[in-house]
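Reading the structure
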Amino acid sequence: MKTIEELELLKQDLIKQLPQDMLNIMESSLSDMLSKKLDNHALQHGDIAPNFSLISTENQPVNLYKLLENKPVVISFFRGSWCPFCVKELEHFEKNLKLIQQEKNMHFIAISPQKSEISAQLKKEKSLSINILSDVENQVANKFGLVFTLPENVRELYKCLGAYLPDFNGDDSYKLPIPATYLIGQDKKIHFAYVNVDYMERADISALINSLD
């Protein structure tokens, strides 16, 4: 099953489970974010990817340009383990990790503003082997033009659903990255970019892995 199909099923389950007033807040917020075109400043195909160094859940430093010395790098920016759409996407990447890393000879890293120990817990609970990096205060996501501030009414909604972001991210800024997937070539240019303010939609794996062919 493709990512888009799995996410659509997840969306339908969400509609069935949540009260209508919560669904109304989510729909209104998403519509507002789309109208503001929050992705206007995001890096796109052809741009040069900025270098960065972040720490993994295994407490190891990871530097983008260092990785690019031997192969391209796939980067997935996700909101956090509290987001079911992000988790579903990570699980899909996990299923295709052999294809990405071995057959296509690419590195894969996922980046989130949440605390490293929470990402480590996610990896354990979902049996993920993917490399997850902690982007404290969204510093790297900001370089990619992905950061936005969550509206106050949605903050309360997420809290009611068990996602109190200050606990997850270690700060009370309520800043999050727009979910995005990039493929960075060894020339440091972005060869594939999928940035979508609608967090219920994500990149199709097949489009990603074929972008360097």
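Structure: above.
Please read these numbers as outputs of a predicted model, since none were measured by experiment.

Quick notes on the rules
- Along each chain, the written sequence defines residue order, and numbers are assigned to residues from 1.
- With pLDDT at 70 or above as the cut-off, local features in this predicted model cover only qualifying residues; side-chain atom pairs require 80 or more to be listed or tallied, and sums for whole chains, interfaces and linings still use all residues.
- Side-chain measures here rest on the full set of heavy atoms in the structure, leaving out hydrogens and waters.
- For helices the rule is a DSSP run of H or I covering at least 4 residues; for strands it is a run of E covering at least 2, with both sets numbered from the N terminus onward.
- Between buried and exposed lies partly exposed: a residue is buried under 20% and exposed over 50% of the maximum accessible area for its type, with that area taken using a 1.4 Å probe on protein chains only.
- Here Asp and Glu are counted as negative and Lys and Arg as positive; His is not counted, and neither are the chain ends.
- Each salt bridge in this description consists of a side-chain nitrogen of Lys or Arg and a carboxyl oxygen of Asp or Glu lying within 4 Å of one another.
- Whenever a nitrogen or oxygen atom comes within 3.5 Å of another N or O atom, the pair is scored as a polar contact, on the condition that within protein one atom can donate a hydrogen and the other can accept it, and that pairs from neighbouring residues in sequence are kept only if both atoms are in side chains.
- Any two residues whose heavy atoms approach within 4.5 Å are treated as being in contact.
- Whenever a helix is involved, its axis is fitted only over the stretch in contact; in every case the axis is a line through C-alpha atoms, and angles between N-to-C directions fall within 0 to 180 degrees.
- Convention used here: angles under 35 degrees read as roughly parallel, angles over 145 as roughly antiparallel, angles from 65 to 115 as roughly perpendicular, and any remaining angle as oblique.
- Less than a right angle of anticlockwise turn of the near helix away from the far helix marks a crossing as left-handed, whereas a clockwise turn marks it as right-handed.
- Following the grouping adopted for this structure description, the nonpolar residues are Ala, Val, Leu, Ile, Met, Phe, Trp, Tyr, Cys and Pro, the charged ones are Asp, Glu, Lys and Arg, and the polar ones are all others, Gly among them.

Now for the side chain of Arg79. Along the polypeptide, Arg79 turns up in the loop between strand S3 (73-77) and helix H4 (84-95). Comment: no salt bridge for buried Arg79; closest opposite-charge side chain is Asp198, at 8.5 Å. Among the polar contacts made by the side chain of Arg79, one reaches the side chain of Tyr158 at a distance of 3.2 Å. For Arg79, the contacting residues outside a window of four places in its chain are Cys86, Ser112, Pro113, Tyr158, Leu176, Pro177, Pro179 and Tyr199.

It is worth spelling out the packing of helix H2 (residues 20-36) against helix H8 (residues 152-160) at this point. Put simply, H2 and H8 touch, their axes get as near as 10 Å, and they point 135 degrees apart. Taken together, the axis directions place H2 and H8 in an arrangement best described as oblique. Viewed along their axes, H2 and H8 form a crossing whose handedness is left-handed. Together, Met22, Ile25, Met26 and Ser29 of H2 and Asn153, Val154, Leu157 and Cys160 of H8 make up the contact between the two elements. Among the residues forming the contact of H2 with H8, the class breakdown is six nonpolar, two polar and no charged.

The next subject is unusual backbone geometry. Positive phi values are uncommon outside glycine, yet Lys37 reaches one of about 50 degrees. Within the secondary structure, Lys37 is located in the loop between H2 and strand S1 (53-56). Even without glycine at this site, Asn105 takes up a positive phi of about 55 degrees. When you line up the elements, Asn105 lands in the loop between helix H5 (97-103) and strand S4 (107-112). According to the relative accessible area criterion, Asn105 is partly exposed, its value standing at 38%.

Purely geometric numbers; function is a separate question.
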